[in-house]
Amino acid sequence: QKEVEQDPGPLSVPEGAIVSLNCTYSNSAFQYFMWYRQYSRKGPELLMYTYSSGNKEDGRFTAQVDKSSKYISLFIRDSQPSDSATYLCASTLAGGTSYGKLTFGQGTILTVHP
Amino acid sequence: GAGVSQTPSNKVTEKGKYVELRCDPISGHTALYWYRQSLGQGPEFLIYFQGTGAADDSGLPNDRFFAVRPEGSVSTLKIQRTERGDSAVYLCASSSGPDEKLFFGSGTQLSVL
C-alpha cells in the first residue's frame, strides 16, 4: 500500500463546475500537506499547502485536511479550461531537512471543457 | 535564469549505456532535490542536497544511480548501465532553504531502448 493514495481519474467537468479532488494517507507522522498542479511536459507547481487540520482558502481553491481520518481534499470553484492539468497531493514530515522529501499521490487528471 | 533549468529535455539511450542529467537550480538556492516520475505516477524522491553534500540519498534505487553537486549549485544525476525500467521523467527542484517552497524544473524525459 502506498503512503499516499489518490484516485487517478480521469475527471472531466464542464466549465464553471465545482471540482473535488481527494487523497488519503497512511503515515501518521506526516505534518505538511500540499497540492501541486502539473501541466503536460512541465514540472509540478505548488498550489496550496497546509500544516494542520482545517481549511485554507486561496481564491478559487480551498484545501482541506482531516488528520483524524487521514484525508486531504482540494476544491476548485468556478473551474476554468485553464485548470485542466494533473493535480498531485503530497505529504511530508515535520520541517527541517525532511520538509522537501515529499511523498506524492498518483495524481488526478482533470479536464475542464468549455 | 528565472527558474530551474534541466538539460537535456529528452534523452534516448540504449540499455547498458551511461547517462548524465544536469540541473541548474535557481540562483542562490541552497537546497536541491532529484525526483523520478514514471508514466501515470506521482514523482518519487531520489536525493536531497543541502549545499554540496547529499543530506539524504535514501531514495536512490540502487548503486547504479549517483548524484553530485560539487560547487553547491549545478547538480548532475548519473546513471550507469541503464535498464529499460529506468525510463521516466527525472525532475529537479530547488528551494532557498530546507523548510522552503520547492520549485521544480520541467524535467528530463529519459528513454532507455
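Worth saying up front: this structure is predicted, and the values here are computed from it rather than measured. (Residues numbered from 1 in each chain as written. Chains lettered and ligands numbered in written order. Predicted model: local features only at pLDDT ≥ 70, side-chain atom pairs only at ≥ 80, totals over all residues. Heavy atoms only, no water.)

Engineer: Any chance you could explain the sheet that holds strand S1 (residues 5–7) of chain B here in plain terms?
Structural biologist: Either a parallel or an antiparallel arrangement is found when strands of a sheet pair, and the pairing is made through backbone hydrogen bonds. All names here are of chain B. Taken in spatial order, the four strands line up as S1-S3-S8-S7 in an open sheet, and their pairing is antiparallel. Each edge of the open sheet is held by one strand with a lone partner, namely S1 and strand S7 (65–68). Averaged over all pairs of adjacent strands, the angle between strand axes in this sheet comes to 15°, irrespective of strand direction. (Pairing = 2+ DSSP bridges. Helix = DSSP H or I, 4+ residues; strand = E, 2+ residues; numbered from the N terminus. Axes fitted to C-alpha atoms, helices over the stretch in contact; angles between N-to-C directions.)

Engineer: Teacher, can you tell me more about the interface of chain A and chain B here?
Structural biologist: By a frequent convention, interface size equals the accessible area lost on bringing the separate parts together. Each partner contributes to the interface: chain A provides 19 residues, whereas chain B provides 20 residues. Here chain A meets chain B over a buried area of about 1,600 Å², counting both sides, of which 52% is carbon and sulfur. Sorting the residues of chain A by area buried against chain B places Tyr99(A), Gly100(A) and Lys101(A) first, and these three jointly supply 28% of that buried surface. The tally of links between chain A and chain B comes to one salt bridge. Between Asp56(B) and Lys101(A) there is a salt bridge, and its shortest N-O distance comes to 3.2 Å. Run the count over chain A and chain B and you get nine residue pairs in polar contact (both at pLDDT 80 or more). Its residues placed into classes, the side of chain A that touches chain B shows seven nonpolar, eight polar and four charged. (Contact = heavy atoms within 4.5 Å. Buried area = accessible area lost by both parts, 1.4 Å probe. Salt bridge = Lys/Arg side-chain N within 4 Å of Asp/Glu carboxyl O. Polar contact = N/O pair within 3.5 Å; in protein donor to acceptor, adjacent residues only side chain to side chain. Nonpolar A, V, L, I, M, F, W, Y, C, P; charged D, E, K, R; others polar.)

Engineer: Where do I start with the packing of aromatic side chains in this structure?
Structural biologist: The geometry of an aromatic ring pair is captured by the separation of the ring centres together with the interplanar angle, meaning the angle of the planes. Applying the stated criterion across every chain yields a total of ten aromatic pairs over all chains. Where Tyr25(A) meets Phe33(A), the ring centres are 4.9 Å apart and the plane angle is 45°; that geometry is what we call tilted. Relative accessible area serves as the criterion here: at 6%, Tyr25(A) is assigned to the buried category. Using a relative accessible area of 1% as the deciding quantity, one classes Phe33(A) as buried. Where Tyr33(B) meets Tyr48(B), the ring centres are 4.7 Å apart and the plane angle is 15°; that geometry is what we call stacked. With Tyr33(B) in strand S4 (residues 31–37) and Tyr48(B) in strand S5 (residues 44–50), the pair connects residues that are 15 residues apart, well separated along the chain. On the basis of relative accessibility, which here comes to 1%, the residue Tyr33(B) falls in the buried class. The class for Tyr48(B) is buried, based on a relative accessible area of 1%. (Phe/Tyr/Trp six-rings, centres within 6.5 Å; stacked < 30°, edge-to-face > 60°. Buried < 20%, exposed > 50% of the residue type's maximum accessible area, 1.4 Å probe, protein only.)

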